[in-house]
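Residues per chain, in single letters:
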Amino acid sequence: VQLQASGGGLVQAGASLRLSCAASGRTFSGYTMGWFRQAPGKEREFVATINRSGGITWYEDSVKGRFTISRDNAKNTVYLQMNSLKTEDTAVYYCAADPKGFSRSPSRYAYWGQGTQVTVFS
């Protein structure tokens, strides 16, 4: 599966952004989908994941209550709605697909998009 992330931008703290990740192929519904981020000088970290049906989600503690992951299997797209953005949310955001499980570990995700930059200023 090929993934294309979009929707990043430069916003002021407190603003909102919605990231999208469009997947190619006919088996999108067969993948757990995740969002990860990587800030300069830091390791890639888990943000959120959603299971195949969209009924189960899992968030990193610092984004709970602010970010919402969702998916539309008919459109082969996963979203990350980000509200109340903070400067510490600044990073390149990546979407990824896990064909086998439901995990927060980047190593479990076999397919990755190219990343979209989110910059939050105060």
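Since this is a predicted model, take the numbers as computed values, not measurements. (Residues numbered from 1 in each chain as written. Predicted model: local features only at pLDDT ≥ 70, side-chain atom pairs only at ≥ 80, totals over all residues. Heavy atoms only, no water.)

**Quick notes on the overall build of the chain**
Keep this limit in mind: Helix and strand labels come from DSSP, where a helix needs a run of H or I of at least four residues and a strand needs a run of E of at least two; each type is numbered from the N terminus. Here the globule rule is a power law, 2.2 Å times the number of residues to the power 0.38, and the radius of gyration is based on C-alpha atoms. Think of it in three bands: with a 1.4 Å probe and only protein chains considered, a residue is buried below 20% of the maximum accessible area for its type, exposed above 50%, and partly exposed in between. Only heavy atoms enter the contact rule, under which two residues are in contact if any of them lie within 4.5 Å. Here the Shrake-Rupley method, with its probe set to 1.4 Å, supplies the accessible areas, and only the displayed protein chains count as covering residues. A positive count includes Lys and Arg, and a negative count includes Asp and Glu. His and the chain ends are not counted in either. Think of each charge as sitting on NZ of Lys, CZ of Arg, CG of Asp or CD of Glu.
The helix and strand inventory of the chain stands at zero helices and eleven strands. Along the chain, helices (α) and strands (β) appear in the sequence β-β-β-β-β-β-β-β-β-β-β when read from the amino end. Computed over C-alpha atoms, the radius of gyration of the chain comes to 13 Å, within 12% of the 14 Å expected from 2.2 N^0.38 for 122 residues, which places it in the range of a compact globule. Considering only C-alpha atoms, the chain reaches an extent of 40 × 25 × 25 Å along its principal axes. In the chain, buried positions account for 43% of the 122 residues. Sequence separation of 24 or more characterises 57% of the internal contacts of the chain that already satisfy a separation of 6 or more. When the accessible surface of the chain is summed, it comes to about 6100 Å², and 47% of that surface belongs to carbon and sulfur atoms. For the chain, the centre of its 14 positive side-chain charges and the centre of its 8 negative side-chain charges are spaced 7 Å apart.

**Observations regarding the pattern of salt bridges**
Our working definition: Take a side-chain nitrogen of Lys or Arg and a carboxyl oxygen of Asp or Glu: if they are within 4 Å of each other, that pair is a salt bridge.
A full pass over the atoms with the stated rule returns four salt bridges. The closest approach of N and O atoms between arginine 37 and aspartate 89, which form a salt bridge, is 2.9 Å. With a gap of 52 residues between them, arginine 37 in strand 4 (residues 32–38) and aspartate 89 in the loop between strand 8 (77–82) and strand 9 (91–98) connect regions that are remote in the sequence. Exposure remark for arginine 37: the relative accessible area of 5% places this residue in the buried category. Between aspartate 89 and arginine 66 there is a salt bridge, with the nearest N and O atoms lying 2.8 Å from each other. Remark: arginine 66 occurs in the loop between strand 6 (57–59) and strand 7 (67–72) and aspartate 89 occurs in the loop between strand 8 and strand 9; sequence separation between them is 23 residues. Take aspartate 89 and arginine 66: they sit in the same class, and that class is buried. Overlapping salt bridges, with partners in common, bring together Arg37, Glu45, Arg66 and Asp89 in one network.

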